Amino acid sequence: MNQLDIPRENLARTAYQQLKQDIIQSHFGPTEKLLMSTLKARYGLGVSPLREALSQLVSERLVTAESQRGFRVSSMSIAELKDIYDARAQLEGLIVELALARGDDLWEASVVAAHHALSKVNHLETVEDQLTHWDLRHQAFHQAVADGCQSPQLLVVRQTLMDQAARYRYLWLKQTVFSPQALKEKQQEHLILFNALLARDSQASTMMREHLMGPVTIISKVLGEQGVR
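Treat the numbers as computed from the prediction; the structure is a model and nothing was measured.

Even after reading the chapter, I still don't get the packing of aromatic side chains, so can you show me in this structure?
The way to describe two aromatic rings as a pair is by their centre distance and the angle between their planes. Enumeration according to the criterion identifies 1 aromatic pair in this entry. Looking at R88, its charged tip hangs above the ring of Y85, at a distance of 5.4 Å from the centre.

Next comes the structure, spelled out in structure tokens:
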């Protein structure tokens, strides 16, 4: 099947997903010019789906549009890192408070299932393992917790902040989860949080905020080593 046989929206979605992943994983670095010729060669796609993908990434603040000059990967900074993570932590704390008040038995069951899957990841051999096993299950656990707030609007804002944090999170993943000791520590941290959630402990919201702010120090150090201020 060639591109002419594929619906336009599917091509744009493919371009968006592939380009977003490459930006998150630093294949294209901060402030790097995104040349259309380079993107066409890398993804085997035409100008139209690539432009749609770039426009969507502009709305997510991963790409910057330059008037009459194309597109560029958005810059990164320690100040932005701290702002995004603080906003995420504050929002997630509120979401946990609502989940504790509104979550029913089915919510508890979904949290139990997601945590069980996460706890089963006890060995990682490659960076790919981090992304395909641990991080997917990690995000699924946090999503299960957040769903208990029963607020579609809050969940949309939450996803927006997660998208903005994705490049920073990837730096943290590469520095921490690949270490067996760090993986063990994260599993223990999630277990403590999990137990607090099931007990409907009011401190769970504070614990969630602290949990989400934990990576900031590590990421700040990595950015500093890369010359980012």
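In this structure, what is going on with the sheet that holds strand β1 (residues 33-34)? I would like to understand it.
Hydrogen bonds between backbone groups are what pair the strands of a sheet, and the pairing can be parallel or antiparallel. Taken in spatial order, the 3 strands of this open sheet run β1-β3-β2, and their pairing is antiparallel. The open sheet has two edge strands with one neighbour each: β1 and β2 (63-66). With respect to the sheet, helix α3 (residues 47-59) is in contact with β1, β2 and β3 (70-73), its orientation differing from that of β2 by roughly 110°.

I keep staring at the pattern of salt bridges and nothing clicks. Help me out?
It is possible for side chains bearing opposite charge to pair when their charged atoms get close. Taken as a whole, this structure holds 11 salt bridges when the rule is applied. In this structure, E66 and K33 form a salt bridge, with 3.3 Å as the shortest nitrogen-oxygen distance. With E66 in strand β2 and K33 in strand β1, this pair connects stretches of sequence that are 33 residues apart. With a shortest N-O distance of 3.5 Å, E97 and R209 are connected by a salt bridge. Of this pair, E97 sits in helix α4 (residues 78-102) while R209 sits in helix α9 (residues 204-213); the two residues are 112 residues apart in sequence, bridging distant segments of the chain. Taking relative accessible area as the criterion, R209 reaches 21% and is therefore assigned partly exposed. A cluster of three or more residues bridged by salt bridges with shared partners is formed by K20, E60 and D163.

The rules behind each value
Residues numbered from 1 in each chain as written. Predicted model: local features only at pLDDT ≥ 70, side-chain atom pairs only at ≥ 80, totals over all residues. Heavy atoms only, no water. Phe/Tyr/Trp six-rings, centres within 6.5 Å; stacked < 30°, edge-to-face > 60°. Lys NZ or Arg CZ within 6 Å of the ring centre and 35° of its normal. Pairing = 2+ DSSP bridges. Helix = DSSP H or I, 4+ residues; strand = E, 2+ residues; numbered from the N terminus. Contact = heavy atoms within 4.5 Å. Axes fitted to C-alpha atoms, helices over the stretch in contact; angles between N-to-C directions. Salt bridge = Lys/Arg side-chain N within 4 Å of Asp/Glu carboxyl O. Buried < 20%, exposed > 50% of the residue type's maximum accessible area, 1.4 Å probe, protein only.

Take it as geometry only, folks, not as evidence of what the structure does.
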